[in-house]
Number of protein chains: 2
Amino acid sequence: MAKKKNAFYAQSGGVTAVINASACGVIETCRKHSDVIGKVYAGKNGIIGALTEELIDTSKESDAAIAALRSTPSGAFGSCRFKLKSLDANKREYERLIEVFKAHNIGYFFYNGGGDSADTCYKVSQLSEAMGYPIQAIHVPKTVDNDLPITDCCPGFGSVAKYIAVSTLEASYDVRSMAKTSTKIFVVEVMGRHAGWIAAAGGLVAEQGIPVVILFPEIEFDQAKFIAAVDAKVKEYGYCTIVVSEGCHYPDGKFLAEQGTRDAFGHAQLGGAAPVVANMIKDALGHKFHWAVADYLQRAARHIASKTDVKQAYALGKKAVELAVKGHNSVMPTIDRVSDIPYKYKLGYAELKDVANVEKFMPRDFISKDGYGVTKKCINYLTGLVEGEDYPKYGADGLPVYVTMKNVTVAKKLPEFKL
Amino acid sequence: MAKKKNAFYAQSGGVTAVINASACGVIETCRKHSDVIGKVYAGKNGIIGALTEELIDTSKESDAAIAALRSTPSGAFGSCRFKLKSLDANKREYERLIEVFKAHNIGYFFYNGGGDSADTCYKVSQLSEAMGYPIQAIHVPKTVDNDLPITDCCPGFGSVAKYIAVSTLEASYDVRSMAKTSTKIFVVEVMGRHAGWIAAAGGLVAEQGIPVVILFPEIEFDQAKFIAAVDAKVKEYGYCTIVVSEGCHYPDGKFLAEQGTRDAFGHAQLGGAAPVVANMIKDALGHKFHWAVADYLQRAARHIASKTDVKQAYALGKKAVELAVKGHNSVMPTIDRVSDIPYKYKLGYAELKDVANVEKFMPRDFISKDGYGVTKKCINYLTGLVEGEDYPKYGADGLPVYVTMKNVTVAKKLPEFKL
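Residues numbered from 1 in each chain as written. Chains lettered and ligands numbered in written order. Predicted model: local features only at pLDDT ≥ 70, side-chain atom pairs only at ≥ 80, totals over all residues. Heavy atoms only, no water.

(A) Expanded view of the UniProt feature "binding site: diphosphate" (unreviewed entry) in chain A. The sites that UniProt annotates as "binding site: diphosphate" (unreviewed entry) are Gly14(A). Structurally, the position occupied by Gly14(A) is in the loop between strand E1 (5-11) and helix H1 (19-32). Of the residues examined, Gly14(A) reaches a relative accessible area of 12% and is grouped as buried. Those residues within four positions of Gly14(A) in sequence are excluded, and the remaining contacts are Arg81(A), Lys142(A), Arg299(A) and Met178(B). (UniProt positions renumbered as here; feature names shortened; annotations may be inferred. Helix = DSSP H or I, 4+ residues; strand = E, 2+ residues; numbered from the N terminus. Buried < 20%, exposed > 50% of the residue type's maximum accessible area, 1.4 Å probe, protein only. Contact = heavy atoms within 4.5 Å.)

(B) Broad picture of the environment of His303(B). Within the secondary structure layout, His303(B) lies in the loop between helix H11 (296-300) and helix H12 (307-325). For His303(B), a relative accessible area of 1% puts it in the buried group. For the pair His303(B) and Tyr108(B), spaced 195 residues apart in sequence, the C-alpha separation works out to 32 Å. At 2.8 Å, the side chain of His303(B) forms a polar contact with the side chain of His303(A). (Polar contact = N/O pair within 3.5 Å; in protein donor to acceptor, adjacent residues only side chain to side chain.)

(C) Region of interest: the pattern of salt bridges. Summed over the entire model, instances satisfying the criterion amount to 28 salt bridges over all chains. Residue Lys123(A) pairs with Asp119(A) through a salt bridge whose shortest N-O separation is 2.7 Å. On the criterion of helical spacing, the pair formed by Lys123(A) and Asp119(A) is a turn pair, its members being four residues apart in helix H5 (residues 115-125). Asp63(B) is the partner of Arg31(B) in a salt bridge, and the nearest nitrogen-oxygen pair spans 2.5 Å. Of this pair, Arg31(B) sits in helix H1 (residues 19-32) while Asp63(B) sits in helix H3 (residues 63-68); the two residues are 32 residues apart in sequence, bridging distant segments of the chain. Look at Arg31(B) and you get partly exposed, because its relative accessible area is 30%. Each of the salt bridges in this network shares a partner with another, and the network as a whole consists of Asp152(A), Arg337(A) and Asp340(A). (Salt bridge = Lys/Arg side-chain N within 4 Å of Asp/Glu carboxyl O.)

(D) A look at the relation of the copies chain A and chain B. Of the two same-sequence chains, chain A is brought onto chain B (RMSD 0.0 Å, axial shift 0.0 Å) by a rotation of 180°. The transformation just described matches what one would write down for a two-fold rotation axis. Closest approach to the rotation axis among the C-alpha atoms of chain A is made by Val293(A), whose C-alpha sits 2.4 Å away. Here 99% of the interface residues in chain A have copies in chain B that are interface residues too; the copies meet face to matching face. (Least-squares fit on C-alpha atoms with pLDDT ≥ 70 in both.)

(E) Highlighting the packing of H1(A) against helix H12 (residues 307-325) of chain A. Residues and elements named next belong to chain A. Where H1 contacts H12, the two axes come as close as 7 Å, and the packing angle between them is 35°. Viewed along their axes, H1 and H12 form a crossing whose handedness is right-handed. Packed against H1, whose contacting residues are Ala 21, Ser 22, Cys 24, Gly 25, Val 26, Glu 28, Thr 29 and Cys 30, the element H12 presents Val 310, Ala 313, Tyr 314, Gly 317, Lys 318, Val 321 and Glu 322 at the interface. Broken down by class, the residue content of the contact of H1 with H12 amounts to eight nonpolar, four polar and three charged. (Axes fitted to C-alpha atoms, helices over the stretch in contact; angles between N-to-C directions. Left-handed = near helix turned anticlockwise from the far one by under 90°. Nonpolar A, V, L, I, M, F, W, Y, C, P; charged D, E, K, R; others polar.)

Written out as structure tokens, the structure is:
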């Protein structure tokens, strides 16, 4: 009994359509291992909940509510953008974490996030040695940006990719209908600060004969060359769809549309590349345009989630707990690809030291020679990830039935902590 | 046999997720009435196809291809933004229409569009008398703006409404997750030049406890009052979702974001109200924001079409042909509501003289007293329209299977016509 420890689970960074499916995998699997794992406490608003001792008691949620997480987008326990500094720079926060873990008998730390969060999870995993407190820290991968290393892909990405591919296809059919007398250019702006994975998903429509020009963050923006590429498509097809990544930038690093504000991690907050690109084409070629900025709609779009993605998100949450039960620390479960088409994969794991602070960009051979499209290799990579649908249930109001947790926190045992 | 005439069908104006379902209804029903209706010629790019004698022979399309139109968004035969002037002002175009109709033995004119198109259809319906050529002109209603009079609703609207309601719900869950340390304001811009029907659909999420502030074109924009409304929501809920109609404007009529360009009908081309509103809140209240502009994504979103909408779009296409077979001219089939919940309706029809150039705005009692929400009456109206899902099939590539017509035009019999 002395060995039975509680678990802490937190969601971090930008949420996705399937991060709750990972939460579902973690919590359901912990419930199955009640011989070694006690309660699962979820951090209210991510790691902040651990620091402020706001621990959500997930045992207050019914099995049905936890199961419903699988088809509910967003972060059911709240997420945060908050990066722990290094142990040296901010010992106070780490000491606080340990106090909270001790006070609530927490021995498992499941952190569900992207690159910055993998770094936090790695630091927590080092507490064991550095501060003499036994903790097993497992990172559960999640990021629509798909930029974590080692794993084949990241939960959240497949669903955004499907949403962008489907939406780009639909909007392209629309502009094709209108092109004779009206709109000839449709621009959709997609997420992806540094890596063009999401933008690449727009390229899937080219297989269906849609003329599409993609602007990747990996390819420095060249205005004259870009306009020529669009001009050629319009001349051949009568219209053109443009998928622009929010991270698309000039050779000097300046984003096409930088709003000038920065988020809590110090990253530039982007948005508005689509109108910039659309007006550029209008000025150069005179074509009527329409533009869309998908923003949160894309990453929250559980209604058109990829079945593969939902399955993987759940499986990685489950695997994280299994790794913990087997005694692992400082690891992240991974998707290891076995074949492209049909898409087959196994679950594995990676050491967090190899994951933290490494960003995976689109390989150059996934991008076509001219820089505006995707290669067959890229399409083979993406296809399995966007395969299948996993529809939520809908209510009599015509809306999806998504679950909202009770989010009851346990009684605090420690003095208040100022963030 | 002398009485057997061919039919002309054309798609007009902005396309929708279900205008092809109406095309499917028209063509399939014409095929069933082959005793009185010969071929169905579709105008290539709408009415322009009639003027230029580019008539698509739909008999070249298989039954399966026509059936697939039911689940394919956009205008399969091409649409256009081209408004016929009055008979007096442009007799040349009407004379040409009659020449083409005569040359191809066309006696039925099915025009699938919104308000401007209803006006064109009405003018064509008058040709019979004014120019001594027998033609039966039936308007098939279509507009995401939902602003045609008499009919309970317009095909295309229910699906946009569902898309906006679902997307607003999902994005609101997202911002709720992020609000503690990051984004507190999410703004989504929706279509609706003069009428706030689409914006109202965002209000459906309020029933699920989401704090939402809606900016309607029907309500003059008052910046101070708007900021106070958002401030109150953030103070109560910690976050706020804002749905802004592209048609939202100041008391002097100036749109929140007018790009300064105009379309072929002389309407101002809008877009970009979302960033204006988001920055307004940032300046006044300091909250971090995200914004999306749905644009074509919303009206093309066949993947999340409303089942009611698809059914009605098909039924009205079918009904249009039945009205023609019964000898009607200058009418539009309508949806006549019988009850709200459960939503029941019958099919009827209206005289085009009562439809043309009449715009139906949101009734004031559909908008809450403060002007930023919807009333129970509005929700009761909308619920039936967004009910049910009608998913397209998906291929092995993870994308919906949408059909592309062969669009083979018949041999021209007349000299060229300059538009």
